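Observations on the model geometry
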Amino acid sequence: MSSSFSTPGQEQPHLVSLVLQSKKALLHGQQICSHAHACSNSSAKAAVDVLALDAKVRWISEAVVEQLKLAASVAKGIEDKRMHLHKQAQSWDTERSHYSTELDHILEALGAQLVSPEFHQTSADSSLFGSQHSSQEDQPGPHPHDQSESRTFPPSSPSTTVRNHSGVLSGTDVRNIRDQDRKHWKNLRDFVDDQAIEDTLETIEGNRTALDDLLGRTSDYSETLNQAIESILTSLPQSADGSQLAARMRDTIVDQDSVGTSMAGALESLASHFEQMDAALKDTETGEMLGEGDLQQMYRDVEELPAILSELEDGGRMIDAHHTSLLAAQDIRNNNLVHLSSVLDDLEELGDIMEEMLQNQEEVETKFEEGLNSLQEQILTIRDLHEQYISYQTAFNKLTVEISRRQHYKDAAENIVKGMMSQLTAMTEEEDQVRRRFNAEYGAHLPEDICLCIGNPPTRWEVVPWPGDSLELLPRIDEDLLAEARRNAATPDR
């Protein structure tokens, strides 16, 4: 507040006017201080509320952060479990690749090993190892060796057969004819049920794809949880350190008290001035006269009133500013509490989502274990197929070697029979000539009724298979195929 006061060189206002100005200044100062006092009290309460609200906000925020840490550990646990399942699947893939490669190798080896038509064209009702029937067009007519009564022995090599039908051919011509024939030969792979193998592998691949689909159900769980956690975390209100906030509140209240103390001193000065002015007025009313010096001092004191009021107003504004700041801080923390209520709702929703995810993850793990166990059993099928065809190839190689051994035995037995028949024929002819000479020389001189058998020719002999047996028929084996079979039988491809 400002007022215009007279100087000693001007007309002096009445003392009552000075007293009124002093009183007015005192009342205005009291009003300012009263408002400042009320604000100070409100500010003190607001500071306490700010600290309490901030503590509550920080407590709730810290509790939310702890819950989010647990949620993050759940997300990591889900991802770790998923990666563990994925590694198990990869391990199975490696094992399957190993056995599948081995199976492919043995099937390729079977496809490279030729089978002479005589191994599978001897009967329309049988095939190699009983694996599958030969096609109708592969069935030849009756084999020339099927006549068990015949005593002739077929040639044992293709070159001999070619010479018998086409004259003398060179070894190169024979090989060319043989190679041309071999283009139409079957191989061991032809006696394998490829469709059954393909069906088995397709079934395994389908089950493996189903396992990937199962893992895919939880593939985004970890990322979804982490995104939700990050969203809640970033939405949490930012709060200062509790000790720093308390220090600021303390400094604010101390500063406010300091300003209030200063304002109280100024108000006391106004009150003292008014008392002096009022006392002087009462003295003049009783007839006491004031000196010139006293009047001038009173004038100077009245002139200082605007400065004192300005100081009070500045202090009031400072206290108002502190009060406004504290109320704003209080509003912010109240709003933070309201916001935290929605954050807690989001956290509860996140908890429900995690519970559902954990249930799904557990279900996936159970089904994955069942599926993987089934795949492990199916991988044994691939391994068994590999072992089966290893044994199959080994058996065929042994068969080839065995057929060769039997052929040697058959040839040796036939040679013995041939030699015996030749010897018996020669003995019979010689015996017949001796008997003829004897009968010619002495037969006419013997009585007809003595030793009637003397005129009989010698008994002719024939060596034939055992009754009920037929002549053994064996497929012919080229020497290169026999050598290959012997090598394979000695070092099977495992």
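Residues numbered from 1 in each chain as written. Predicted model: local features only at pLDDT ≥ 70, side-chain atom pairs only at ≥ 80, totals over all residues. Heavy atoms only, no water.

**Quick look at the overall build of the protein chain**
- From N to C terminus, the protein chain includes nine helices and two strands.
- Start at the N end of the protein chain and walk to the C end: the helices and strands fall as α-β-α-α-β-α-α-α-α-α-α.
- Residue burial in the protein chain is summarised as follows: out of 494 residues, 31% are buried.
- The long-range share in the protein chain, meaning contacts at least 24 apart out of those at least 6 apart in sequence, stands at 91%.
- For the protein chain, the accessible area works out to roughly 30,000 Å², and carbon and sulfur atoms hold 52% of it. (Helix = DSSP H or I, 4+ residues; strand = E, 2+ residues; numbered from the N terminus. Buried < 20%, exposed > 50% of the residue type's maximum accessible area, 1.4 Å probe, protein only. Contact = heavy atoms within 4.5 Å. Areas by Shrake-Rupley, 256 points an atom, 1.4 Å probe, with all protein chains shown as cover.)

**Description of the packing of aromatic side chains**
- Scanning the model with the defined rule gives three aromatic pairs in all.
- Between F119 and F396, the ring centres sit 5.5 Å apart and the planes meet at 50 degrees, which makes this aromatic pair tilted. Residue F119 is found in the loop between β1 (114-115) and α2 (158-166), and its partner F396 is found in helix α8 (residues 305-442); the two are separated by 277 residues along the sequence. In terms of burial, F119 and F396 fall into one category: buried.
- Pairing Y389 with Y392 gives two aromatic rings, centres 6.1 Å apart and planes at 85 degrees, and the pair type is edge-to-face. In this pair, Y389 and Y392 both sit in helix α8, three residues apart, roughly one turn of the helix. Across this residue pair, the class does not change: Y389 and Y392 are buried. (Phe/Tyr/Trp six-rings, centres within 6.5 Å; stacked < 30°, edge-to-face > 60°.)

**Digging into a nonpolar patch on the surface**
- Together, F438, Y442, L446 and I454 make up an exposed nonpolar region whose accessible area comes to about 330 Å².
- Relative to the elements of secondary structure, L446 occurs in the loop between α8 and α9 (479-490).
- Judged by relative accessible area, L446 falls into the partly exposed class, the value being 39%. (Patch = residues over 30% accessible without salt bridge, like charges linked within 9 Å, V, L, I, M, F, W, Y side chains within 5 Å. Salt bridge = Lys/Arg side-chain N within 4 Å of Asp/Glu carboxyl O.)

**Quick notes on empty space enclosed by the protein**
- Counted by the stated rule, this structure contains one cavity of 30 Å³ or more.
- Here the largest cavity is characterised by a volume of approximately 100 Å³.
- Lining the largest cavity are 13 residues, with L114, F396, T400, I477 and L481 sitting closest to its centre.
- Elements with a contribution of two residues or more to the lining of the largest cavity: β1, α8 and α9.
- With three residues, α9 is the largest single contributor of residues to the lining of the largest cavity.
- Taken together, the residues that form the lining of the largest cavity break down as seven nonpolar, three polar and three charged. (1 Å grid on protein atoms, 1.4 Å probe; cavity = no way out; pocket = protein on both sides within 12 Å on 5 of 7 lines; lining within 4 Å. Points joined across faces, edges and corners; volume = space filled by probe spheres on them. Nonpolar A, V, L, I, M, F, W, Y, C, P; charged D, E, K, R; others polar.)

**Observations regarding the pattern of salt bridges**
- Overall, the coordinates contain 23 salt bridges when judged by the stated rule.
- With its nearest N and O atoms 2.7 Å apart, the salt bridge here joins R182 to D480. Residue R182 is found in helix α3 (residues 171-182), and its partner D480 is found in helix α9; the two are separated by 298 residues along the sequence.
- Look at D480 and you get partly exposed, because its relative accessible area is 35%.
- With a shortest N-O distance of 2.8 Å, R406 and E402 are connected by a salt bridge. Of the two residues, R406 and E402 are both situated in helix α8; the distance of four residues between them amounts to about one turn of the helix.
- Counted as one network, the salt bridges with shared partners bring together D93, R96, E205, R208 and D212.

**A word on the UniProt feature "coiled-coil region" (unreviewed entry) in the protein chain**
- Mapped onto this numbering, the UniProt entry annotates "coiled-coil region" (unreviewed entry) at residues 344-378.
- Overall, residues 344-378 shows 100% helix and 0% strand. The separation of its end C-alpha atoms is 50 Å. (UniProt positions renumbered as here; feature names shortened; annotations may be inferred.)

**Regarding the nonpolar core**
- Counting residues in each nonpolar core, the largest one holds 35 residues, and the members touching the most others are L103, L110, F368 and Y389.
- Of all the elements in the fold, those that place two or more residues in this core are α1 (15-112), α4 (194-216), α8 and α9.
- Counting residues per element, this core draws most heavily on α8, which supplies 12 residues.
- If we skip the residues at most four places from it in the chain, F368 touches L85, Q88, A89, L211, L214 and L215.
- By size, the runner-up hydrophobic cluster in this structure holds 26 residues, among which are M263, M277, L281 and M298. (Core = buried A, V, L, I, M, F, W, Y, C linked by side-chain atoms within 4.5 Å.)

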